[in-house]
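Chain by chain, the residues:
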Amino acid sequence: MNAPLIEFRNVTKRFNGKTVLDNVNLSIYENQVTTIIGKSGTGKSVLLKHIIGLLKPDEGTILFQGTPIDKMKKAEWEGHRRKIAYLFQNNALLDSMTVLDNVAFPLRQTTDLPKAEIEKRAMKRIEDLELLEAVGKFPSELSGGMQKRVALARALVTDPKIVLFDEPTTGQDPIRKNMILSMIIHYRKKYGFTAVMISHDIPDVFFISDRVIILWEGGVGFEGRYEEALKQNVPMIDEFLRSLDGFQDQLTGLLSREAFKMHYSAMLGSTVSESTSSAALFGVRLDILHEALGAQAALEVLRALGEYTNRYFNAIGGFSARHSRDEILTIFPRKTIEEARKLVEDYSRNLEHGVIDHIRDMASANSGEATCFDIHIHAGVTEIYPEDRIDEIIEKGRAKQEIISTYRCDFGGKDQ
Amino acid sequence: MFAARAAGDEMMEHEDIIKPANIPVSFFSVIGRWTIRTIGNFGAMAVFFFLAFVNIFRARQIREITNQTYYIGAKSSLIVMLVALFTGMVLGLQLFYTLVKFGAVGALGSAISLSLVRELGPVLTAIMITARAGSAMAAEIGILRNSEQIDALYTMGVDPIRYLISPRVAASIISFPLLTAFFDLIGIIGGYITGVVLLGTNAGTYFYRVQSSIDLVDIQGGFIKALVFGAIVSCICCFQGYFCHMRSDGFGAKSVGLATVSAVVISCVMILVSDYVVTSFLM
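Parameters and conventions
- Residues numbered from 1 in each chain as written.
- Chains lettered and ligands numbered in written order.
- Predicted model: local features only at pLDDT ≥ 70, side-chain atom pairs only at ≥ 80, totals over all residues.
- Helix = DSSP H or I, 4+ residues; strand = E, 2+ residues; numbered from the N terminus.
- Buried ≥ 20, exposed ≤ 12 C-beta atoms within 10 Å, placed from the backbone.
- Contact = placed C-beta atoms within 7 Å.
- Pairing = 2+ DSSP bridges.
- Axes fitted to C-alpha atoms, helices over the stretch in contact; angles between N-to-C directions.
- Domains from an automatic or database assignment.
- Nonpolar A, V, L, I, M, F, W, Y, C, P; charged D, E, K, R; others polar.
- pLDDT = per-residue confidence, 0-100.
- Core = buried A, V, L, I, M, F, W, Y, C linked by C-beta atoms within 7 Å.
- Expected span 1.5 Å × (residues − 1).
- Bend = angle between axes of the 7 residues up to and from the residue.

Asks: Let's hear about the overall build of chain A: which residues, and what values?
Replies: Scanning chain A from N- to C-terminus turns up 14 helices and 15 strands. Looking at the 416 residues of chain A, the share that counts as buried comes to 44%. Contacts in chain A between residues far apart in sequence, at least 24 positions, make up 70% of those at least 6 positions apart.

Asks: Give me the sheet that holds strand β14 (residues 375–383) of chain A: which residues, what numbers.
Replies: Residues and elements named next belong to chain A. Pairing is antiparallel in the open sheet, where five strands are placed in the order β12-β13-β11-β14-β15. Of all the strands in the sheet, just β12 (319–324) and β15 (402–407) have a single pairing partner and so form its edges. Strand-to-strand, the axes of this sheet are offset by a mean angle of 25°, without reference to chain direction. Sheet topology note: the β12/strand β13 (residues 327–332) ladder contains five bridges and is antiparallel. Across the sheet, residue Ala321 finds its bridge partner in β13, namely Leu329. Sheet contacts for helix α10 (residues 257–270): β12 and β13; angle to β12, the most-contacted strand, approximately 130°.

Asks: Explain the sheet that holds strand β3 (residues 33–38) of chain A residue by residue, including any values.
Replies: Residues and elements named next belong to chain A. Pairing in this open sheet of six strands is mixed, and the strands run β6-β7-β8-β3-β9-β10 from one edge to the other. Only two strands of the sheet have a single partner each, and these edge strands are β6 (84–87) and β10 (219–224). The mean inter-strand angle of the sheet, taken between neighbouring strand axes irrespective of direction, is 15°. Relative to strand β9 (residues 211–216), β3 is paired through five bridges, and the arrangement is parallel. Residue Ile37 lies in a different strand from β9, and its bridge partner there is Ile214.

Asks: I'd love a proper account of the environment of Ile62(A), names of residues and values included.
Replies: Residues and elements named next belong to chain A. Along the chain, the position of Ile62 falls in strand β4 (residues 59–64). Under the C-beta neighbour-count criterion, Ile62 is labelled partly exposed, with 19 such atoms within 10 Å. Residues Ile62 and Tyr385, 323 residues apart in the sequence, show an inter-C-alpha distance of 49 Å. Discounting chain neighbours no more than four positions away, the residues touching Ile62 are Ile6, Phe8, Val11, His50, Pro57 and Ile69.

Asks: Would you mind going over the domain arrangement of chain A in detail, with residue names and values included?
Replies: Residues and elements named next belong to chain A. Structurally, chain A comprises domain 1 (6–245) and domain 2 (257–407). Every contact between the two is made by 13 residues of domain 1 and, on the other side, 12 residues of domain 2. Going through the elements one at a time, α6 (174–191), α7 (204–208) and α9 (235–245) are the ones with two or more residues in the side of domain 1 that touches domain 2. At six residues, α6 tops the list of elements feeding residues into the side of domain 1 that touches domain 2. Tallied by class, residues from the side of domain 1 that touches domain 2 come to six nonpolar, three polar and four charged.

Asks: Go over unusual backbone geometry with me, naming the residues and quoting the values.
Replies: Residue and element names in this part refer to chain A. Positive phi, close to 50°, is recorded for Gln65, a residue that is not glycine. Relative to the helices and strands, Gln65 is located in the loop between β4 and β5 (67–68). Unusually for a residue other than glycine, Asp159 sits at a positive phi of about 50°. Summarising the element assignment, Asp159 is placed in the loop between α5 (144–156) and β7 (162–166).

Asks: How would you explain the confidence of the model for chain B if you had to name every residue and give the values?
Replies: Residue-level pLDDT values for chain B average 89, and 93% of them are 70 or greater. Scored below 50 in pLDDT, residues 1–18 of chain B makes zero contacts in the model with residues more than four places away or belonging to other chains.

Asks: Could you give an account of the confidence of the model for chain A, naming the residues involved and the relevant values?
Replies: Residues and elements named next belong to chain A. Considering every residue of chain A, the mean pLDDT works out to 83; 90% of them sit at 70 or more. Highest mean pLDDT in chain A belongs to helix α3 (residues 99–110) (94); lowest belongs to α9 (69). Within the model, the stretch residues 411–416 combines pLDDT values under 50 with 13 contacts to residues more than four positions away or in other chains.

Asks: Break down the pairing of strand β2 (residues 18–28) of chain A for me, with residues and values.
Replies: Residue and element names in this part refer to chain A. Here strand β1 (residues 6–15) runs beside β2; their pairing, made up of seven bridges, is antiparallel. Bridged to Lys13 within β2 is Leu21. If you look at the hairpin formed by β1 and β2, you'll find two residues sitting between the two strands, and Asn16 has a positive phi there, around 50°.

Asks: Just give me the short version of the environment of Glu402(A), but keep the residues and values in it.
Replies: Residues and elements named next belong to chain A. Summarising the element assignment, Glu402 is placed in strand β15. Residue class for Glu402 comes out exposed when judged on the 9 C-beta atoms lying within 10 Å of it. Not counting residues up to four positions away in its chain, the partners in contact with Glu402 are His378 and Gly380.

Asks: Pulling in residues and values, what's your account of α3(A)?
Replies: For α3(A), the set of buried residues is Val99(A), Asn102(A), Val103(A), Ala104(A), Phe105(A), Pro106(A) and Leu107(A). Each element contacted by the buried residues of α3(A) is listed here: α4 (115–128) and α5 of chain A.

Asks: I'd like to hear about the nonpolar core, residue by residue, with values.
Replies: If you look at the biggest cluster of nonpolar residues, it comprises 176 residues, and the most contacted ones within it are Leu87(A), Leu152(A), Ala153(A), Val163(A), Leu164(A), Val301(A) and Val355(A). The element contributing the most residues to this core is helix α5 (residues 108–146) of chain B, with 15 residues. Three or more residues apiece are contributed to this core by two domains, here domain 1 (6–245) and domain 2 (257–407) of chain A. If we ignore the near neighbours within four places in the chain, the residues touching Leu87(A) are Ala151(A), Leu152(A), Ala155(A), Val163(A), Leu164(A), Phe165(A), Asp166(A) and Pro168(A).

Asks: Could you give an account of helix α7 (residues 160–198) of chain B, naming the residues involved and the relevant values?
Replies: All names here are of chain B. Counted at 1.5 Å a residue, the expected span for α7 with its 39 residues is 57 Å, and the 53 Å between its end C-alpha atoms agrees. A maximum bend of about 30° is found in α7 at Ser166, where proline Pro167 lies one to four positions downstream. Counting buried positions along α7 yields 28 of 39 residues, so the element is predominantly enclosed. Remark: Gly200 follows α7 within two positions and exhibits a positive phi of approximately 85°.

Shown next, in the form of structure tokens:
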């Protein structure tokens, strides 16, 4: 792994004698999404504020590209700081300015761009975040969700290299939550920034995170990939992660990964002698949907696919969960692989009304007749052996995936 | 551990016993802490004012300075003129009946104009602007602080002192002398209304005395005082709002309220203190 972009070395911070960060050591790497999670009051926001220099450590050092910040000359640090954007937990919008003025403000104050260019860039971000109807409104006239998106637009308008997100999805409905996360991924791909995010939106936040840092009792309880965090077997951290996961995926209504795991274990317990179960891994390319339909419509399609899959297979005793942003794993207890294939075939025939129609509606509403794109829904059917772990089933399903339904751009016969 | 606890108990007992003897010590420690804190605050305020003043001359300030001058200066002019009119009228009444006893009614114009130009004009203008615009400055900046809007400015690469404080300081330094001039003029007219129109003093004598008794030095003195008051009031009010989150006596909305009260009270006291100091230098 490369040298860290930002590194905390033995950082301690106290407020009125209370230690909030206690000897914290952690690393943040360039071009990655690092998510910080932890219970309330464990110093997540404090940690983020140290990165941008709003707070200074009582003890320890913070290194930026290997150089301690406190040893940098003011101009050097200012140069770095201008590449960092911060999205505040409570948005911190300038409440005496309209949405357009808020978004354009950093450009007006820190660049010499012509007025028209500033307005154009601000409007582009406003459009990207679906805020056009709020352009002339003041923050107090907007809902919490819209305020959050205005703050996000303002944070991204300067094309920063590092963006610190302090709970960017708090107060949003599941679609908007995922839309914001999609925007973060989209902009990260487009502009290549490093993201540091405080969020508890499991599972989606973990689908987009490269690394996870768990703050625990003032220190770092875990640092690494989310999958590794689940294997730590530290009872208190396990319990905390499970409590965040809940029982249901808010976006799709499918089981949470934890609930799915429990169902799967129960199924294995009851079918030890039979070994006749099967599974199918369904997928749709969310990035293509995003490009074709826009962030919100793409998530609507994903939700429709999840809801449809859940409804369809629940009826025959199957259970499903998302295992990445756009992959759904369904287990068919006591079904042979042939039976499972037959079920998936029937399912794909009915997809035309369940999901493809939905995509068609979205496409006509969002893209217009001139836009041309194909969207495929894939499925890979595989059998399950009692010793199979869930990630092994996913791998097997992925290897066998083929297109089961397609939305074509000819606006005529779409499905296969 | 038990030994430590026992030692702790022993210390507590010891403290109980010597508590009465510590009262003078406590008194001096409170005074000492207060003195250190006050001196520290004055030091911080001086640095704060210096940074704000230096940043007045940075780029992109004209628009904000104009906005603030409109708010602090233009929008305060009506209330300042109203106060000036009645101050002049009261002065006219009081001085007329005092001067009549000495047969010196002819000096009414001199007495009114000198007291207005030298003292009452700068001081009352400053107090009126403190009440109207100074309190608003402290409250507005305090709310910006508590809602993290000042932190947001910093994270956007905007120096909050340059963007928020410097325009207010500049606008105060511009507005105070101008409003003081208005105050003086309207006050003299107020004195004319009571002294000449209502009580029958000779109009020519009144204006001759006004013209002959005011020297350029008097006007300069009033102008210098207004400049000093402008700098002091804007600095104190902005400082109180800017650091309201660090108050030990209140948090959140309460801290904004307390900061506003402190801003007005300290500004008024400092106007009178600095008035004495500047006058003693000018005399």
